[in-house]
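Residues per chain, in single letters:
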Amino acid sequence: MKLYNLKDHQEQVSFGQAVRQGLGSNQGLFFPAELPAFDNVDALLEQDFVSRSTAILSAFIGEELASETVSQMVGNAFQFTAPIKPVKDGVYALELFHGPTLAFKDFGGRFMAQSLAAVSESDGKITILTATSGDTGAAVAHAFYGMDNIKVVILYPKGKISPLQEKLFCTLGGNISTVAVNGTFDDCQSLVKQAFDDAELRKEVGLNSANSINISRLLAQICYYFEAVAQLPKEKREELVIAVPSGNFGNLTAGLLAKAIGLPVKRFIAATNVNDTVPRYLQTGNWTPEPTVPTISNAMDVSQPNNWPRIEELCRLKGWGLEELGYGAVNDEQTAETLREMEQEGYLCEPHGAIAYRILNEQLAEGETGLFLCTAHPAKFKEVVDEILGKDIDLPAPLAKHNAMELLSLERDNDFEQLKAVLRSVQ
Ligand SMILES: *Cc1c(COP(=O)(O)O)cnc(C)c1O
């Protein structure tokens with residue numbers, strides 16, 4: 001597989017390099033130089049999730065990895081389902097929260113972990129260092145847990161993530177170390193940056209960021225769009241509209257890639273909260289990010305979505321006009337109102353999925369079938385959901401289990417020397 005840097009098309013890398021490096025020069029994103037074509041998508045849709053996903057990912061990765069290797073990676077990564085559920089007539093939810101950390105990030109995170117293990121030099125050390133404000137850290141921790149040749153260090157701001165989230169990834173032990181930093185999320189991010197800027201340290205412990213722009217994540221996410229369509233009754237597949245709750249726009253990029261390689265999708269809708277840089281851009285043609293506003297759909301509190309250049313590139317290559325993309329933005333009050341409406345319909349949702357559901361309903365035309373992505377389990381946002389619905393929702397088994405375990409985090413100050421000592425001690 002060849003990929004090029006969107007900031008410098010001359011810089012070309014293999015899948016392995018793109019996975020190891022994450023970003024190209026000038027922080028440029030990597031993009032596939034060729035998109036595979038499937039002439040018989042119906043036959044592909046007939047296959048089971050793991051076989052079909054192996055076929056799709058092998059077609060992208062090409063000869064660089066044997067298809068048995070890809071098959072093993074997919075089998076290890078996708079050990080849970082992505083079911084669709086009817087919510088009301090002609091509208092379905094795609095539930096992407098049945099993995100170990102109850103959010104769609106498990107798909108990308110786990111395939112990235114498998115990819116990194118597959119393409120790393122056999123004798124090299126790898127230490128994954130990342131900062132998190134919640135979801136990403138949990139997905140990364142669980143994805144790499146038990147891979148003994150890879151150490152993981154995750155920083156988070158002490159007391160600033162929900163206790164439930166903290167329990168989910170700070171109770172694992174083994175090759176996963178978590179550090180509660182006396183500081184803010186920005187402090188954690190700048191500590192990570194300092195570590196990557198320290199060439200000597202980077203080499204000594206084999207630093208890798210495994211961050212959200214890694215191409216392996218996006219490729220993995222293509223697979224559940226196919227899985228959703230495969231579950232739809234055949235007569236509902238032709239006029240399909242998919243609404244995607246979006247923050248950094250990786251999920252939507254994967255959906256558009258699925259369409260680009262042949263998945264029948266009539267239209268996508270980019271759904272955001274009030275951090276609406278993209279909806280405003282699609283409406284006015286002006287890219288004018290505003291300061292980020294905190295909302296109850298906080299995984300989408302992003303005003304500079306880092307995957308957007310990939311969407312522009314894909315549309316350019318396919319000759320798709322940006323005006324073909326649907327869009328909409330929803331505030332907290334409307335999100336709460338929609339959650340209550342959905343409960344009336346008999347479907348318990350959480351804020352991110354509810355935003356997509358609302359905009360989908362507003363824009364779905366007669367004769368179209370709607371699908372919206374449920375990116376997290378409602379219990380992951382228990383405080384908010386309980387308050388809006390006046391309920392006390394149950395914790396699903398993985399959350400309940402971790403909630404009862406002891407926290408193993410180290411506590412450190414916002415101090416680079418202390419971080420260095422941690423990175424050396426986990427080797
Ligand atoms: C990360 C996340 C999103 C946003 O996904 P992007 O790919 O960044 O657009 C939406 N919902 C939840 C629950 C998330 O964790």
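Residues numbered from 1 in each chain as written. Predicted model: local features only at pLDDT ≥ 70, side-chain atom pairs only at ≥ 80, totals over all residues. Heavy atoms only, no water.

The chain goes by Threonine synthase in an unreviewed UniProt entry, where it is assigned to Photobacterium rosenbergii. According to UniProt, the comment filed for the chain under the heading Sequence similarities (unreviewed entry) is "Belongs to the threonine synthase family." Looking at the chain in UniProt, the text filed under Catalytic activity (unreviewed entry) is "O-phospho-L-homoserine + H2O = L-threonine + phosphate". (UniProt positions renumbered as here; feature names shortened; annotations may be inferred.)

Among the 15 residues in the neighbourhood of the ligand, the closest are listed as Lys105, Gly247, Asn248, Phe249 and Thr375. With respect to the ligand, the side chain of Thr375 contributes an N or O atom lying 2.8 Å from a nitrogen atom. Coverage of the ligand by the protein amounts to 95% of the 390 Å² it exposes when considered alone. Its residues assigned to classes, the shell around the ligand shows six nonpolar, seven polar and two charged. (Near = heavy atom within 4 Å. Polar contact = N/O pair within 3.5 Å; in protein donor to acceptor, adjacent residues only side chain to side chain. Areas by Shrake-Rupley, 256 points an atom, 1.4 Å probe, with all protein chains shown as cover. Nonpolar A, V, L, I, M, F, W, Y, C, P; charged D, E, K, R; others polar.)

For the rest of this paragraph, the subject is the packing of helix H3 (residues 49-61) against helix H4 (residues 67-77). Relative to each other, H3 and H4 sit at 130°, their axes nearing to 9 Å. By the angle between their directions, the pair H3 and H4 is classed as oblique. Of the two elements, H3 crosses H4, and the hand of that crossing is right-handed. Only Ser67, Val70, Ser71, Val74 and Gly75 of H4 make contact with H3, whose side of the interface consists of Val50, Ser53, Thr54, Leu57, Ser58 and Ile61. (Axes fitted to C-alpha atoms, helices over the stretch in contact; angles between N-to-C directions. Helix = DSSP H or I, 4+ residues; strand = E, 2+ residues; numbered from the N terminus. Parallel < 35°, antiparallel > 145°, perpendicular 65-115°, else oblique. Left-handed = near helix turned anticlockwise from the far one by under 90°. Contact = heavy atoms within 4.5 Å.)

A few words on the sheet that holds strand E2 (residues 8-14). Spatially, E2-E1-E3 is the arrangement adopted by the three strands of the open sheet, whose pairing is antiparallel. Each edge of the open sheet is held by one strand with a lone partner, namely E2 and strand E3 (30-32). In this sheet, neighbouring strand axes are inclined to one another by 40° on average, regardless of whether the strands run parallel or antiparallel. The pairing of strand E1 (residues 2-5) with E2 spans four bridges and is classified as antiparallel. Looking at E2, one finds that Leu3 is bridged to Val13. Along the sheet, helix H13 (residues 308-318) makes contact with E1, E2 and E3, crossing E3 at roughly 30°. (Pairing = 2+ DSSP bridges.)

Moving on, we come to the pairing of strand E10 (residues 240-245). In terms of burial, E10 is largely enclosed, as six of its six residues are buried. Neither face of E10 is exposed, since Leu240, Ile242 and Val244 on one face and Val241, Ala243 and Pro245 on the opposite face are all buried. Relative to strand E13 (residues 369-374), E10 runs parallel, the two being bridged by four bridges. Residue Ala243 lies in a different strand from E13, and its bridge partner there is Phe372. One ladder, built from five bridges, connects E10 with strand E11 (residues 267-272); its direction is parallel. Looking across to E11, one finds that Val244 is bridged to Ala270. Since E10 and E11 lie parallel, the crossover through helix H11 (residues 250-260) that links them has a hand, and here it is right-handed. (Buried < 20%, exposed > 50% of the residue type's maximum accessible area, 1.4 Å probe, protein only. Right-handed = clockwise from strand over helix to strand, strands pointing away.)

To continue, consider the nonpolar core. One finds Phe144, Ile222, Tyr225, Phe226 and Phe372 to be the most contacted residues of the largest nonpolar core, which totals 134 residues. Ranked by residue count, the leading element in this core is helix H10 (residues 215-231), at 12 residues. Dropping the residues within four chain positions of it, Phe144 is found in contact with Ala113, Leu116, Ile128, Ile150, Val152, Asn175, Ile176 and Ala210. Judged by nonpolar contacts, the second largest core, of 19 residues, contains Val192, Phe196, Leu201 and Val422. (Core = buried A, V, L, I, M, F, W, Y, C linked by side-chain atoms within 4.5 Å.)

Here we take up the pattern of salt bridges. Counted under the stated rule, the structure contains 18 salt bridges. The partner of Arg52 in a salt bridge is Glu227, with the nearest N and O atoms 2.8 Å apart. One end of the pair, Arg52, is in helix H3; the other, Glu227, is in helix H10, with 175 residues separating them in the sequence. Grouping residues by exposure puts Arg52 and Glu227 together as buried. For the salt bridge of Arg424 with Glu204, the shortest nitrogen-to-oxygen distance reads 2.8 Å. With Arg424 in helix H18 (residues 416-425) and Glu204 in helix H9 (residues 199-205), this pair connects stretches of sequence that are 220 residues apart. Relative accessible area serves as the criterion here: at 40%, Arg424 is assigned to the partly exposed category. Among the charged side chains, a salt-bridge network with shared partners connects Glu239, Lys266, Arg267 and Glu368. (Salt bridge = Lys/Arg side-chain N within 4 Å of Asp/Glu carboxyl O.)

Here we take up the packing of aromatic side chains. Scanning all chains against the criterion turns up 15 aromatic pairs. Pairing Tyr347 with Phe372 gives two aromatic rings, centres 6.5 Å apart and planes at 85°, and the pair type is edge-to-face. Of the two residues, Tyr347 sits in the loop between helix H14 (332-344) and helix H15 (351-363) while Phe372 sits in strand E13, which places them 25 residues apart along the sequence. The pair Tyr347 / Phe372 is uniform in exposure class, with both members buried. An aromatic cluster is present here, built from Phe49, Phe78, Phe80, Phe107, Tyr224, Tyr225 and Phe268 joined pairwise through their rings. For the cation-ring pair, Lys259 lies above Trp320, with the distance from its terminal atom to the ring centre recorded as 5.6 Å. (Phe/Tyr/Trp six-rings, centres within 6.5 Å; stacked < 30°, edge-to-face > 60°. Lys NZ or Arg CZ within 6 Å of the ring centre and 35° of its normal.)

What follows is about the environment of Leu395. By the secondary structure assignment, Leu395 is in the loop between helix H16 (382-389) and helix H17 (397-403). Taking the relative accessible area as the measure of exposure, Leu395 reaches 27% and is therefore partly exposed. A sequence separation of 352 residues divides Leu395 from Ala43, and the C-alpha atoms of the two residues are 39 Å apart. Setting aside residues no more than four positions away along its own chain, Leu395 makes contact with Leu164, Ala379, Lys382, Ala400 and Asn403.

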